[in-house]
Amino acid sequence: MTNDDNDSDLSSGPIRIPDTLPVLPLRDIVIFPYMIVPLFVSRDRSMRAVDNALSDHRMILLVAQNDPRAEEPTGSELHSIGTAAMIMRMLKLPDSRIRVLVQGVSRVRVTRYEDAGEYLIGAVEPIAEPEMAKSVETEALIRSVRSDIEHVVALGKPISPEVMTIAVNMDDLGRLADLSASNLELRVDEAQSVLERIDPLERITRVHDLLRQEIELLTVQHQIDTQARGEIDRSQREFYLRQQLKAIQMELGEGNELAEEIAAYRERVDQAQMPDDVREEVEKQIRKLERMHPDAAEATTMRNYLDVITGLPWSKLSEESLDLDRAQQVLDEDHYGLPKIKERIVEALAVRKLKKETKGPILCLVGPPGVGKTSLGRSIARATNRQFQRLSLGGLHDESEIRGHRRTYIGAMPGRIIQAIQQAGTRNPLIILDEIDKVGADFRGDPSSALLEVLDPEQNFSFRDNYLNVPFDLSSVWFMTTANVLDTIQPALRDRMEIIRLAGYTEVEKREIARRHLIPRQLEANGISDRLLSFSTSALKSLVTDYTAEAGLRQLEREIGTICRKVARRVAESQESRTKFKRLTVTAANLREFVGPPKTRHDEALDKNEIGVATGLAWTAVGGEVLHVEALLMRGKGGLQLTGQLGDVMKESAHAAFSYARARAADFGIEADHFDRSDLHVHVPEGAIPKDGPSAGITMATAMISALSQRPIRKDIAMTGEITLRGHVLPIGGVKEKVLAAHRARCRTVLLPVDNGRDVEEIPEEIRQDLEIVLVSKVREVLDLALLKKRSPARQSGNR
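Read on for a plain summary of the structure. As the structure is a prediction and not an experimental result, all values here were calculated from the model. (Residues numbered from 1 in each chain as written. Predicted model: local features only at pLDDT ≥ 70, side-chain atom pairs only at ≥ 80, totals over all residues. Heavy atoms only, no water.)

### With respect to unusual backbone geometry
Not every positive phi belongs to a glycine, and arginine 58 is a case in point at roughly 65 degrees. Within the secondary structure, arginine 58 sits in the loop between helix 1 (44-55) and strand 4 (59-64). Although it is not a glycine, arginine 746 adopts a positive phi angle of roughly 65 degrees. With respect to the helices and strands, the residue arginine 746 is situated in the loop between helix 23 (735-744) and strand 26 (749-753). (Helix = DSSP H or I, 4+ residues; strand = E, 2+ residues; numbered from the N terminus.)

Below, the structure written as structure tokens:
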């Protein structure tokens, strides 16, 4: 658009505007007074309106449409404020259109529109420009608008120098507003809003706001263009430098790095001896990498994938040792005892020796902490000459840790199983899945369900990791798992494993393990030799009984380490003072010098035979424990009160024992009305520790009947078993751990359910010789063995 500031066509004086004018509807533009604009006319009615104006007074009414999509707009579809314009020139074009050059003359208000048949006619009233007195406010607005126009031009807006010159020299508010609006490329509704403002002050204020919006828009656009131009310049510079680098490499004869990389991958594929379907997939990915730009982001992802899949031991197997004598020797060297587990390992090797294609067994070692489950796996790997890999599953919640992440994710990697095989470098390692009972599950999936395929010999020959997306044969892998308890392991997963239980060690076993393994290891770790320090049998016995209370050996090793560190200090001090250090023997007498006073209090057998106090046996995740059950008789109405933080199952056992005692009261010499005038309170000490399970049934029954019949219970007898209302004793679990706990507590007799007789064989021979184990089937047998004769009134204590 241009502006004729000299008004060459309008300078001869005011132009009279007819009362009616032919209408030229405008789709996407608004014409302001004094603006000279070329228009292209293609609609028939519009061309006839132009012809009529040219044949009469050369004036035409320019009005914007409400809807630019309307082809033949009526008067109701046009705005009521438009511009009367003079047609300065007209040119017919070859495509039947016409081009007219028009100059706006004045704003007009259209009072009505009439359809003249061939075109629209509008009745108009010219709108005179109000006179504006100059003031500080108007001068400030003019300067601000001029400054904004210069800013717009500086930001890249294409406004001609002539327009800029006119704007700088123009002092008329209204005309400056029209000139600015006509060069801003406003939307039709925004331009129409400026045209319809008659007051020059309101009009230039509106234009000032629009200029500010345009400046903000152009500023952001300029920032984006600058950033994009910088990226393009950097990319072009990198491309130019890389082309130069290629030319230099070609000159030096170094060749193409990508081509060398592709050749290296193909060589690794040949060496890996992959299955045909895997090789086909890898070749496909190599061809894809070949077509990529070396610096593309996807090329890095593809390289990582190819590095992993070509680095896997698809055909490499470590030579397995099937020498049964050597395997037995290695297992005996590394672990004392554990005959059942060693026997199972040697059996597996024997089967494999006879049948090469046997699938690897899946063993689950269950036992308390510190009994050597993980170290046993390392010994088995050494005995069989397999590579050893350990995966800790404790706290694992994400299924992708097992199956891997899909390559579409940033930072994707294979699952832990494939990573372990890659690190092992062979297809037949021994992988131990540690703490499988502590695997969790959340919104990211259930790792236990993912392990179902891994630990199933019928499925794991085609394990598909999400990252590899090709099957990998896990059937040659020897999987082992460890757990403290079985309850938290998914039943379907537990069914796939062969369960081998490791109970706690006896005192004799602990002393022997300490002498064979723990003491040499700690001596070496602390830099002293057996010529400087030795342990007596009494010291080891005291360490086991008075300083540790565990089923395993970790605390015992820590105590031995404490002694070794103190001796190491004495040795170092003697070297500094250049005095000779004499060999030191740790005995029970001087043990306190090194580890202080005893740290544990074992649940000993009772000091005397008491009424209402029975010794029971309990199983925990860290071994067996002795449990004293107390029953107290008091005045009441036959109620039963239970305390000691008992679980629901244990409470039900107590109620069953109470009902049994009440039903058989006459058999035990209990008066018939005793229950109507007395209450019974049963308490299990250490109330802060939750307790549950049915195995304390006969213990609670014995304590209750003792309190009701006032017959003392033998102090050296311990018992465990579930009770029924008919007085039968049902089998329980954890027999070995419970018997070991009774032995530690110095009990002489242990009562077990008759159905647990098969479990007695697992108890070490020295324990069976030191204890009297009695198998019972009825509560009556328990009472006959545990209860003594009723005391005379003079000797009865205040347990009434």
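And the narrative resumes.
### A look at the packing of helix 17 (residues 507-525) against helix 18 (residues 537-546)
Packing of helix 17 against helix 18 brings their axes to within 10 Å, and their N-to-C directions diverge by 115 degrees. Put simply, helix 17 runs roughly perpendicular to helix 18. Handedness of the helix 17/helix 18 crossing: right-handed. In this structure, helix 17 uses Glu507, Lys510, Arg511, Ala514, Arg515 and Ile519 to contact helix 18, whose residues at the interface are Thr537, Leu540, Lys541, Val544 and Thr545. (Axes fitted to C-alpha atoms, helices over the stretch in contact; angles between N-to-C directions. Parallel < 35°, antiparallel > 145°, perpendicular 65-115°, else oblique. Left-handed = near helix turned anticlockwise from the far one by under 90°. Contact = heavy atoms within 4.5 Å.)

### Examining the pairing of strand 27 (residues 772-776)
In this structure, strand 26 lies alongside strand 27, joined through five bridges in parallel fashion. Its bridge partner lying in strand 27, valine 750 is registered against isoleucine 773. Note on the crossover from strand 26 through helix 24 (residues 765-770) to strand 27: the handedness is right-handed. (Pairing = 2+ DSSP bridges. Right-handed = clockwise from strand over helix to strand, strands pointing away.)

### Focus: the packing of helix 22 (residues 697-709) against helix 25 (residues 779-786)
Axis separation between helix 22 and helix 25 bottoms out at 10 Å; the angle between their running directions is 55 degrees. The angle between the axes of helix 22 and helix 25 places the two elements in the oblique class. Considering the relative orientation of helix 22 and helix 25, their crossing is right-handed. Residues Ile698, Thr702 and Ile705 of helix 22 form the contact with helix 25, whose own contacting residues are Val782, Leu783 and Ala786.

### Focus: the environment of serine 542
Position of serine 542 relative to the elements: it lies in helix 18. Among the residues examined, serine 542 registers a relative accessible area of 13% and is labelled buried. A sequence separation of 45 residues divides serine 542 from threonine 587, and the C-alpha atoms of the two residues are 8.8 Å apart. When sequence neighbours within four positions are dropped, the list of residues in contact with serine 542 reads Tyr547 and Leu591. (Buried < 20%, exposed > 50% of the residue type's maximum accessible area, 1.4 Å probe, protein only.)

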